[in-house]
Amino acid sequence: NMMDYLREKNLRQFIHKNIIHSSEPLGDEMAHYLYVLQSVSLNLCEHRMKTSMDPYSQEQRDLLQSLRQTAFELESEVPAGSFSTERRRSLCAKEFRKLGFMNNSNPAEDLRRAPPGLLALDNMVYFSRNTPNAYSRFVLENSSREDKHECPFARSSIQLTFILCEILHIGEPCSETAQAFYPMFFGQDHFFEELFCICIQLVNKTWKEMRATQEDFDKVMQVVREQITRTLSLKPTSLELFKTRVNALNYSEILKLRQTERLHQEETLAVPVLELREKLKPELLELIRQQRLLHLCEGTLFRKISSRRRQDKLWYCRLSPNHKVLHYGDVEEGVQSPPIESLTEKIPVADMKMLLVGKECPHTKEKSSGKQNKDVLELAFSIVHDMEEYCLNFIAPTRYEFCLWTDGLNVLLGKEMTSERAQTDLDVLLSMELKLRLLDLENISIPDNPPPIPKPPSNLNFCYDFSHVEQ
C-alpha cells in the first residue's frame, strides 16, 4: 500500500530524478498522484502536531534540556555540586528565557498548544542537532540584544511550525481534485524539518530587517508567512533553490510587492487607467511648461560669481512676457522685483544655443573639490548664446529655483524638461486628475470657474497661548 512505498527512501529520489526533471509535461493524473503522495507523507506529522507536551514525560523533558545545553554549552559544563538546587533552577529559568520560552520556569507550558504540539519541539531539536552552529548563533546573537529587541527562538519556532502546517495543509484530508504539489518535496528525506531549519533562520533575518521589538512579533511572522508562500508559489525544484529565493525576498521586496498589488487592486495599473494616464500626459506636461515660463517671467535674484568668499553683489534675470528676450542686470541689496526696463542687458531667445549644467559649466570647471564647491555644482547652470558662444553663468539660490530655471530654459530651447521636480509635478497632477476622472459624479455638476477665495479673518490668533501655563 501507500505507506509501504513511503517507507522506501528511493521512491522520492526516483520521482525527483525521473519525473520532476523530465522534459515531458505532467498529466493531471500524475500531478494528482504526486499531490496525494506528498500529503500522505506530510500527514505523518499529524500525530505529533496534535499531541501536547506531557509534563511527566522524562523523554520530553530531556529534549528540552538538550536544547538548553546545546545553546549554552559553557554554562552547562559547570559541575552539578557547584550550585544549590535553587540556584540551578534560577540559572535554568534564565537560560530558557534566553531561548525564547514565555514560561521560562516551566517551558513545557509553551508546548501545550496543539497544533503545533510536540511537532514544534521536534523541529527545534532537529535544528539544534543538525545545524548546531546556526542554532547557537541564533540564540546567542539575540541574547546579546536588548530585551525588547530579542527575537525569541522558542516562541518563533512554535509559531513558525504552526504556519508551515497551515501552508502545507498538514492534518487536513486530501482533496480529490487538487494537483498542487511541491517538486522540492521529492528531493529531500526530512523535508519538513529541513524546511523549518531554513525558515527559522529567515525569521531572524526578517526580524533584523524590520528592526522589530517584542510588540512586532505578529507582524514579523505575517511577513515570514508571505515570504514562504510567495516563494513556494514559484515551485522551486530543490530546498537549496528555495533557500536562495526566500532569502532574496527580503522585507523591502515584500513592501514593494504589496505596493504594486495595492495599486492593482485600486485599478491604478489597470489597462484603461494606464491608457487614460498616457492620454492626460501631454496636457499636463504643457501645464508644467507654462508654469515654468511664468516663473521665468517673474524672474529670480542671483548672487554674482566671485572668487571671494563674500558674495554681496546681486543681479536679476527675467524673461519678457512674449518669451522672446531674457533681460538681466545688476541690482542693489533689498530690491525684490525690479521692473524689466531697469535691466539693461538682454539675450534674444533665438540666439540661445544650449544649456549647460553642473561640471559642464565654464564657471565650475576650474573650481577645486570640496563640500562647498560640490553644493555649487548642484546649483550651477549656464546659457550658451551667440555665434561666438558667449556664456551667461548662474548659481541658483536653491535647488527648487535650479529645477524651475533649467526646465524653463529647456522649454525655450524646445527640449524636454529633465529635472526631478518636473517628474514629481507630473506625478502629482496625474494622480489628482485620475482621481477626479474616476470619481462617481452622477448628478453632481462641477463649476467651470474656481470658487472665490474667502476674505482673511479679522485676526490670526488661532493658537492657544501656552506661555501662561504653569510649568
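Preceding this section is the structure that the text describes.
Rules used in this analysis
- Residues numbered from 1 in each chain as written.
- Predicted model: local features only at pLDDT ≥ 70, side-chain atom pairs only at ≥ 80, totals over all residues.
- Heavy atoms only, no water.
- Salt bridge = Lys/Arg side-chain N within 4 Å of Asp/Glu carboxyl O.
- Helix = DSSP H or I, 4+ residues; strand = E, 2+ residues; numbered from the N terminus.
- Buried < 20%, exposed > 50% of the residue type's maximum accessible area, 1.4 Å probe, protein only.
- Pairing = 2+ DSSP bridges.
- Axes fitted to C-alpha atoms, helices over the stretch in contact; angles between N-to-C directions.
- Contact = heavy atoms within 4.5 Å.

Peer 1: It is not clear to me how the pattern of salt bridges should be interpreted in this structure. Could you clarify?
Peer 2: Counted according to the given criterion, the structure contains 20 salt bridges. A salt bridge links lysine 205 to glutamate 209; the nearest nitrogen and oxygen atoms lie 2.8 Å apart. Here the residue lysine 205 and the residue glutamate 209 both occupy positions in helix H11 (residues 191-209), the gap between them amounting to four residues, near one helical turn. The class of lysine 205 is partly exposed, set by a relative accessible area of 24%.

Peer 1: Where do I start with the sheet that holds strand S7 (residues 390-395) in this structure?
Peer 2: Each strand in a sheet pairs with its neighbour through backbone hydrogen bonds, running either in the same direction (parallel) or in the opposite one (antiparallel). Spatially, S5-S6-S7 is the arrangement adopted by the three strands of the open sheet, whose pairing is antiparallel. Bordering the open sheet on either side are strand S5 (352-357) and S7, each of which pairs with just one other strand. Strand after strand, the sheet turns through a mean of 20 degrees between neighbouring axes, direction not considered. Bridge count between strand S6 (residues 380-385) and S7: six bridges; the pairing is antiparallel. Within S7, the position partnered with alanine 380 by the bridge is isoleucine 395.

Peer 1: Any chance you could explain the environment of methionine 53 here in plain terms?
Peer 2: For methionine 53, the position within the fold is in the loop between helix H4 (46-49) and helix H5 (58-71). A residue is classified by how much of its surface remains accessible, and methionine 53, at 2% relative accessible area, is buried. In this view, methionine 53 contacts Gln60, Arg61, Leu64, Ala108, Leu111, Arg112, Leu118 and Leu121; residues no more than four positions away in its chain are not counted.

Peer 1: How should I be thinking about the side chain of glutamine 60 in this particular structure?
Peer 2: Note that glutamine 60 resides in helix H5. Residues in contact with glutamine 60, not counting those within four places in the same chain, are Met53, Asp54, Leu118 and Leu121.

Peer 1: Help me out: how do you make sense of the environment of arginine 292 in this one?
Peer 2: Tracing the backbone through its elements, the reader meets arginine 292 in helix H15 (residues 271-298). In this structure arginine 292 comes out as buried when scored by relative accessible area, which is 1%. With 117 residues separating them along the chain, arginine 292 and leucine 409 place their C-alpha atoms 8.6 Å apart. Setting aside chain neighbours within four positions, we find arginine 292 in contact with Cys403, Leu404, Asp407, Gly408, Met417, Arg421, Ala422 and Asp425.

Geometric descriptors of this kind do not, in isolation, establish any biological role.
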